[in-house]
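# Observations on the model geometry
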Amino acid sequence: MTNEEILTHIDHTCLRPDATWEDIAKLCDEAVEYETASVCIPPCYVNRAKAAFPDLTICTVIGFPLGYETTSIKYYEAAKAVSDGADEIDMVINIGYLKNNDDAVVLKQIERVRRACEGRILKVIIETCCLTEDEKIRACELVTKGGADYIKTSTGFGSAGANLEDIALFRAHIGENVKIKAAGGIRTREQMEAFLEAGCDRLGCSSTSILF
């Protein structure tokens, strides 16, 4: 697998709380030059990034990084991001609701954000490091029922990131139309290649520059 092939699967990411516009603009310049799948940036920079880089695929995050916003807030966040020019949305589920067995509420949030996306790609972050195996399986089923395009392992802000065991679990339990994004702790070329070979379609990476 060539570096160029790997780059086409990467969401080139900068979600640091202290990220400046200079940081985001540099990220976008790199994404254009190296033809990554997208950039993943904070919602506050989506409008400015889209204006400065109109042909770049812009991804942003909703309910990030903890996921415990109400359904109406997540819906508004997603709708605003789309209005600002976001092409893709990465939403964090309410982890507490999943642990409470309030699956109907988790599903409702996914469905509502799906509607707010207006046909844009929706990736649902389940934060695997917080979940039991049973909870991960239920999350796979809810992401599938909710009509999301991707299930995503992690925010990168949890106690652990992506691992290959969870990718195998996802593949066994997601619907045929759901793809997989691995994120969190992917810092080497070898890791990138391993996750892609395991069945991931996207990788969320803040260390993409190792391929440049």
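This text goes with the structure placed above it.
The paragraphs below set out a description of the structure included in this document. (Residues numbered from 1 in each chain as written. Predicted model: local features only at pLDDT ≥ 70, side-chain atom pairs only at ≥ 80, totals over all residues. Heavy atoms only, no water.)

## Here's the deal with the overall build of the protein
Each helix and strand in the protein was counted, giving nine helices and eight strands. Seen through its principal axes, the protein has C-alpha atoms that stretch 45 × 35 × 30 Å. Looking at the 212 residues of the protein, the share that counts as buried comes to 53%. Sequence-distant contacts, at least 24 apart, represent 68% of the contacts inside the protein between residues at least 6 apart. Accessible surface, the protein: about 9500 Å² in total, of which carbon and sulfur atoms supply 48%. Distance between charge centroids for the protein: 5 Å, based on 23 positive and 34 negative side chains. (Helix = DSSP H or I, 4+ residues; strand = E, 2+ residues; numbered from the N terminus. Buried < 20%, exposed > 50% of the residue type's maximum accessible area, 1.4 Å probe, protein only. Contact = heavy atoms within 4.5 Å. Areas by Shrake-Rupley, 256 points an atom, 1.4 Å probe, with all protein chains shown as cover. Lys, Arg positive; Asp, Glu negative; His and termini not counted. Charge placed at Lys NZ, Arg CZ, Asp CG, Glu CD.)

## Here's the deal with the nonpolar core
Ile-110 and Leu-203 are the most contacted members of the largest nonpolar core, which totals 59 residues. Per-element tally for this core: the top contributor is helix 2 (residues 21–34), with six residues. Core analysis: the second largest hydrophobic core is formed by seven residues, Leu-15, Cys-40, Cys-59 and Ile-125 among them. (Core = buried A, V, L, I, M, F, W, Y, C linked by side-chain atoms within 4.5 Å.)

## Overview of the layout of surface pockets
Approximately 540 Å³ is the volume attributed to the largest pocket. Lining the largest pocket are 29 residues, with Thr-13, Leu-15, Cys-205, Ser-206 and Ser-207 positioned closest to its centre. Put simply, the parts of the chain that give the lining of the largest pocket at least two residues each are strand 1 (10–13), helix 2, strand 7 (179–183) and strand 8 (202–205). The greatest single-element share of the lining of the largest pocket, amounting to four residues, is contributed by helix 2. Considered class by class, the residues forming the lining of the largest pocket number nine nonpolar, 13 polar and seven charged. Counted as a void, the second largest pocket has a volume near 200 Å³. (1 Å grid on protein atoms, 1.4 Å probe; cavity = no way out; pocket = protein on both sides within 12 Å on 5 of 7 lines; lining within 4 Å. Points joined across faces, edges and corners; volume = space filled by probe spheres on them. Nonpolar A, V, L, I, M, F, W, Y, C, P; charged D, E, K, R; others polar.)

## Description of the side chain of Thr-36
By the secondary structure assignment, Thr-36 is in the loop between helix 2 and strand 2 (38–41). A distance of 3.1 Å separates a polar side-chain atom of Thr-36 from the backbone oxygen of Ser-38. The residues touching Thr-36, leaving out its near neighbours within four places in the chain, are Leu-7, Ile-10, His-12, Ala-31 and Thr-208. (Polar contact = N/O pair within 3.5 Å; in protein donor to acceptor, adjacent residues only side chain to side chain.)

## Notes on helix 8 (residues 164–173)
Looking at helix 8, one finds that the buried residues are Asp-166, Ile-167, Leu-169 and Phe-170. Projection of helix 8 onto a plane perpendicular to its axis shows the buried side chains occupying an angular sector of 160°, all on one side. Opposite the packed face of helix 8, turned more than 90 degrees from it, sit the exposed residues Glu-165, Arg-171 and Ala-172. Turning to helix 8, the residues buried within the fold contact helix 7 (133–145), strand 6 (150–152), strand 7 and helix 9 (189–197). The N-terminus of helix 8 is capped by Asn-163, whose side-chain oxygen sits 3.1 Å from the backbone nitrogen of Glu-165. (Arc of directions from axis to C-beta.)

## Concerning the packing of helix 6 (residues 103–116) against helix 7
At their nearest, the axes of helix 6 and helix 7 sit 9 Å apart, and the two run at 40° to each other. By the angle class used here, helix 6 and helix 7 are oblique. Between helix 6 and helix 7 lies a crossing whose hand is right-handed. Between helix 6 and helix 7, the residues in contact are Asp-103, Val-106, Leu-107, Ile-110 and Glu-111 and Arg-138, Leu-142, Val-143 and Lys-145, respectively. Considering only residue class, the contact of helix 6 with helix 7 consists of five nonpolar, no polar and four charged. (Axes fitted to C-alpha atoms, helices over the stretch in contact; angles between N-to-C directions. Parallel < 35°, antiparallel > 145°, perpendicular 65-115°, else oblique. Left-handed = near helix turned anticlockwise from the far one by under 90°.)

## Focus on the environment of Lys-181
Residue position: Lys-181 is located in strand 7. Residue Lys-181 is classed as buried on the basis of its relative accessible area, which comes to 0%. In sequence terms Lys-181 and Asp-149 are 32 residues apart; their C-alpha atoms lie 10.0 Å from each other. Apart from residues no more than four positions distant in its own chain, Lys-181 is found in contact with Asp-11, Asp-90, Lys-123, Tyr-150, Ile-151, Lys-152, Thr-153, Arg-202, Leu-203 and Gly-204. Of the polar contacts made by the side chain of Lys-181, one reaches the side chain of Asp-90; its length is 2.8 Å.

All quantities given are derived from atomic positions and should not be read as evidence of function.
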